[in-house]
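# What the coordinates show
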Amino acid sequence: MSRRSSQPFYWALFGAGGMLSALVGAMMVFTTGLALPLGIGPGARLSTYEGASAIVRSLPAKLFLFAVVSLFLWHAAHRMYHTVHDFGIRPGAIAWTCCYGVALLGTLVALVALFAAGF
Amino acid sequence: MPEPRTIVLAVLRYDGANDVAPRFESFEVPFTDDMSVLQGLQYVKDHLDGTLTFRWSCRMAICGSCGMMVGGVPRLACRSFLRDFLPGPLTVEPLTHFPIERDLVVEIDDFVGKLGRVKPWIEPRVARALDEGAYRQSPGELDRFESFSHCINCLLCYAACPQYGLDPKFLGPAATALLQRYNLDSRDGGAKERMQAAHSEEGVWGCTAVGYCSEVCPKAVDPANAVNRTKTESAVDWFARFARGDD
Amino acid sequence: MAVRRPYVRTMDGWWRRDPFFVRYMAREMTAPFVALYALVLLAGLVCLALGPAAYEDYVEVLASPASLALHVALVGVLVYHTFTWFQIMPKTMPPIVLRGRRLSAAAITSGAVAVAALCMAVLWLLAGWLA
């Protein structure tokens, strides 16, 4: 009997991140990366410290932003790890660290940053 | 009488006894609009080079023998028509991702072994005596697995699957479609046993949803669906076993 | 008995052999861009936590031509991701039967893309309402 793969755990995170980014990714990029600096619509308020903090202080916003940062990173990690394999390279510890390691680190940093932003 | 039209077939040749590596050899084949690539190869064998080696049988896309790379795409030679590949030359090669045995014949022992691993037979869900008569199955119950039962083992899907090419230990499209054909059959109760073949890295977890397997399948089996549904099942089971308290 | 020496062909450059594979690689290559955006957003959250000065610097960088160009590209990549994600999604699902007919993969994909468009519209309106 061959060993059960540990893939399902990473695949579930990949799926969740892929679904979230497919549903809101493009709009998140537009809002935080174009509307915000250019002052379009809500971007005007978001580009100020007061406006951004006000939103980040709410728990639902914290949860949403945490999900976006963390799940996007886990989704990308899983895909990139397998793309290394697709290019014919046997992914090892270095590949794991660069992919999943960054996702893990990013998740922790996001947790700390959102907490530090206050309530 | 007008000259018959011809097309050049550039066929990959290989003879383990004499060749270090495969090489292309060109043959000019006269053809009519109704001739298949298979008939073109048969013309070569009958008139130009009797040593050309290839598998074929039914000539009508049901036996699955004549799978090969036609113009770089996995196709059945009997179902590909020379008129569609004008002006030529048309490359004809053995199915990719398989070791070449000789000319257009590939070694398929690996796949045959995999067929056995998925337990491709009905494990009765409920024991049934002969005098109870035949099983009854509704059209809806049949629909659940029917497409997966149409597989003719032509192996075009394995030639299409880069993950199989990169790691031949991967169970692969057709074997998984067969696994689901039995799992989804209302008469069957062997899903738990069959899933043992699916849970490992060599099971379904080698798949990255390229999807080319379903594109090339001549029987619309949709093996990509079989593999990816099995991934979902395997993933749910991975988490559920903690609730069950086993493994 | 004839000599048997099966020949194994190389997988080098396999993805360049067919447009289908090239499209697959393009789909997979959206991943580093998704990660990049997540890290840019994370940087913003860190700067926000660090205080007004840090956040002002962050917004200034966001307003630079390089960052704006990057985000325009990222929008394109994320839209491509939305389409390709829902293109492959039907393959992971058992058939959905509605009124005796199987829902086609194309129907599932277009339905899901429509849902995504709706989610994005809601997100924009929500941001406007909260800000």
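Above this note sits the structure.
So, here is what we can say about the structure in this document.

Procedures and definitions
Residues numbered from 1 in each chain as written. Chains lettered and ligands numbered in written order. Predicted model: local features only at pLDDT ≥ 70, side-chain atom pairs only at ≥ 80, totals over all residues. Contact = placed C-beta atoms within 7 Å. Helix = DSSP H or I, 4+ residues; strand = E, 2+ residues; numbered from the N terminus. Nonpolar A, V, L, I, M, F, W, Y, C, P; charged D, E, K, R; others polar. Axes fitted to C-alpha atoms, helices over the stretch in contact; angles between N-to-C directions. Parallel < 35°, antiparallel > 145°, perpendicular 65-115°, else oblique. Left-handed = near helix turned anticlockwise from the far one by under 90°.

Of the residues lining the interface, 20 residues belong to chain C; the matching set on chain B comes to 24 residues. Considering each element in turn, the side of chain C that touches chain B owes the most residues, three residues, to helix α1 (residues 19-28) of chain C. Grouping the constituent residues of the side of chain C that touches chain B by class yields 13 nonpolar, one polar and six charged.

It is common to give the size of an interface as the accessible area lost on bringing the parts into contact. Counting residues at the interface gives 46 residues for chain A and 43 residues for chain C. If one sorts the elements of the side of chain A that touches chain C by residue count, helix α1 (residues 7-38) of chain A sits on top with 16 residues. In the side of chain A that touches chain C, the residues fall into 29 nonpolar, 14 polar and three charged.

What follows concerns the packing of α1(A) against helix α4 (residues 65-88) of chain C. When two helices pack together, you describe them by how their axes are tilted relative to each other and by the distance separating the axes. Their axes nearest at 8 Å, the elements α1(A) and α4(C) cross at an angle of 165 degrees. In terms of orientation, α1(A) lies roughly antiparallel with respect to α4(C). In this structure, α1(A) crosses over α4(C), and the sense of that crossing is left-handed. Along the contact surface, α1(A) presents A:G18, A:S21, A:A22, A:G25, A:A26, A:V29, A:F30, A:G33, A:L34 and A:P37, while α4(C) presents C:L68, C:H71, C:L74, C:V75, C:L78, C:V79, C:H81, C:T82, C:W85 and C:F86. Counted by class, the contact of α1(A) with α4(C) contains 13 nonpolar, seven polar and no charged residues.

Here C:A114 lies in helix α5 (residues 105-130). C-alpha separation for the pair C:A114 and C:F83, spaced 31 residues apart in sequence, amounts to 10 Å.

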